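A closer look at the structure
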Amino acid sequence: MTIGEKLKAARNGAGLTQEQVAEKVRVSRQTVSSWENDRSYPDIAGVLALAELYRLSLDELLREDKRMLRHLEESTNIVKSKKALSRRVLIAAYLLIWGVSIIFYYTGAGPTDAMAYALLFLYLLIPVSTLVVAFFVGRDEEWQPVRWLMLLFFGGMYMLVPYATFTLDNVLTHHKTFVLPSLEDMLPGLLLAATGMGLGSLVRRLAERKGAKEVEQDAQA
């Protein structure tokens, strides 16, 4: 018995029309019809919603339909790949902004107009990019196992901006003794990253609660 046949039988058993099912799982009636006639398969979110709606276990719904299981496996792998790529792009964008800030100092007006450089990069671009990227890190649950490492990453990168520009330029220009980065310069980056990640985590939890409440309301309807 295919998943389409099971879905059609479960819907008829629940006394629901395709329009009612479509409204509850937030898809079109044509999509529900396509699922029931095995012309297409629901994604993992659709499977979970249908299982909840029809009071079926995932084993009951997916058993015997190998094509559906293969479809879910492939779609899950695609989603994972896309999420992994988005995380790489996010960090790459942050590193690009960081790199541009260093390059601009030595090729632009950094040494000759330190105040303008500091206002543009140290007090605007770097803080804003740190806050925004940290927000998306906090919002993505996949980052949670390494969130403390990400805090150190943001703090370290924030510390290195003034060190790689003002400090090293001063050392090289005036032939001063080489100095190490100041750990105190990590503090603003740590605070900004913690704030961004906290806001991202809050948004994620609110979305999860809203989704759980909607599923519960649909189940009671």
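Cut-offs and rules
Residues numbered from 1 in each chain as written. Predicted model: local features only at pLDDT ≥ 70, side-chain atom pairs only at ≥ 80, totals over all residues. Heavy atoms only, no water. Helix = DSSP H or I, 4+ residues; strand = E, 2+ residues; numbered from the N terminus. Buried < 20%, exposed > 50% of the residue type's maximum accessible area, 1.4 Å probe, protein only. Areas by Shrake-Rupley, 256 points an atom, 1.4 Å probe, with all protein chains shown as cover. Salt bridge = Lys/Arg side-chain N within 4 Å of Asp/Glu carboxyl O. Core = buried A, V, L, I, M, F, W, Y, C linked by side-chain atoms within 4.5 Å. Phe/Tyr/Trp six-rings, centres within 6.5 Å; stacked < 30°, edge-to-face > 60°. Contact = heavy atoms within 4.5 Å. Axes fitted to C-alpha atoms, helices over the stretch in contact; angles between N-to-C directions. Parallel < 35°, antiparallel > 145°, perpendicular 65-115°, else oblique. Left-handed = near helix turned anticlockwise from the far one by under 90°.

On to the overall build of the chain, then. For the chain, the helix and strand inventory stands at nine helices and zero strands. For the chain, the sequential pattern of α-helices and β-strands runs α-α-α-α-α-α-α-α-α. Here the chain holds 221 residues, and 36% of them are scored as buried. Total accessible area computed for the chain in this model is approximately 13,600 Å², and 63% of it derives from carbon and sulfur atoms.

Turning next to unusual backbone geometry. A positive phi angle, near 60°, is found at Asp38, a position not held by glycine. Taking relative accessible area as the criterion, Asp38 reaches 24% and is therefore assigned partly exposed. Non-glycine residue Arg55 carries a positive phi angle of around 60°. Secondary-structure assignment places Arg55 in the loop between α4 (44–54) and α5 (58–62).

Moving on, we come to the pattern of salt bridges. Taken as a whole and judged by the stated rule, the model has three salt bridges. Across the pair Glu36 and Arg11 runs a salt bridge, and its minimum N-O distance is 2.5 Å. Here the residue Glu36 occupies a position in helix α3 (residues 29–36), and Arg11 occupies one in helix α1 (residues 3–14), the gap between them amounting to 25 residues. Comparing Glu36 with Arg11 shows no difference in burial state: the two are buried. Between Arg87 and Asp140 there is a salt bridge, and its shortest N-O distance comes to 3.2 Å.

With that settled, the discussion passes to the nonpolar core. Judged by nonpolar contacts, the single largest core of 24 residues is most densely connected at Tyr117, Val133, Val137, Met150, Phe154 and Val161. Sorting elements by how many residues they give to this core places helix α7 (residues 114–139) first, with eight residues. Grouped together as the second largest cluster of nonpolar side chains are 17 residues, Leu7, Val32, Leu53 and Leu62 included.

In this section: the packing of aromatic side chains. On inspection of all chains with the given rule, the structure shows ten aromatic pairs. When the centroid spacing of 5.3 Å and the interplanar angle of 45° are considered together, the rings of Phe104 and Phe121 count as tilted. With a gap of 17 residues between them, Phe104 in helix α6 (residues 66–107) and Phe121 in helix α7 connect regions that are remote in the sequence. Ring centres 4.9 Å apart and planes at 80° place the aromatic pair Tyr105 and Tyr106 in the edge-to-face group. The exposure class assigned to Tyr106 is partly exposed, which follows from its relative accessible area of 37%. Chaining the aromatic ring pairs together yields one cluster made of Phe104, Tyr105, Tyr106, Tyr117, Phe121 and Phe166.

The next subject is the side chain of Gln18. Relative to the elements of secondary structure, Gln18 occurs in helix α2 (residues 18–25). In contact with Gln18, not counting residues within four places along its chain, are Arg11, Arg29, Val32, Ser33 and Glu36.

Across the interface, α7 lies against helix α8 (residues 147–174) with an axial gap of 11 Å and an inter-helix angle of 170°. In terms of orientation, α7 lies roughly antiparallel with respect to α8. Seen along the crossing, α7 lies across α8 with a hand that is right-handed. Of the residues in α8, those touching α7 at Ala114, Tyr117, Ala118, Leu122, Ile126, Pro127, Thr130, Val133, Ala134 and Val137 are Met150, Phe154, Tyr158, Val161, Pro162, Thr165 and Phe166.

Glancing now at α3. Every buried residue belonging to α3 is among Val32, Ser33, Ser34, Trp35 and Glu36, and all of these are buried. Check the buried side of α3 and you find it contacts α1, α2 and α4. Positioned one or two residues after α3, Asp38 has a phi angle of 60°, which is positive.

Where α2 contacts α4, the two axes come as close as 10 Å, and the packing angle between them is 120°. In terms of their interaxial angle, α2 and α4 are classed as oblique. As for the relative orientation of α2 and α4, their crossing is right-handed in sense. Across the interface between the two elements, Val21, Lys24 and Val25 of α2 pack against Ala49, Leu50, Leu53 and Tyr54 of α4.

Honestly, it's all geometry; don't read function into it.
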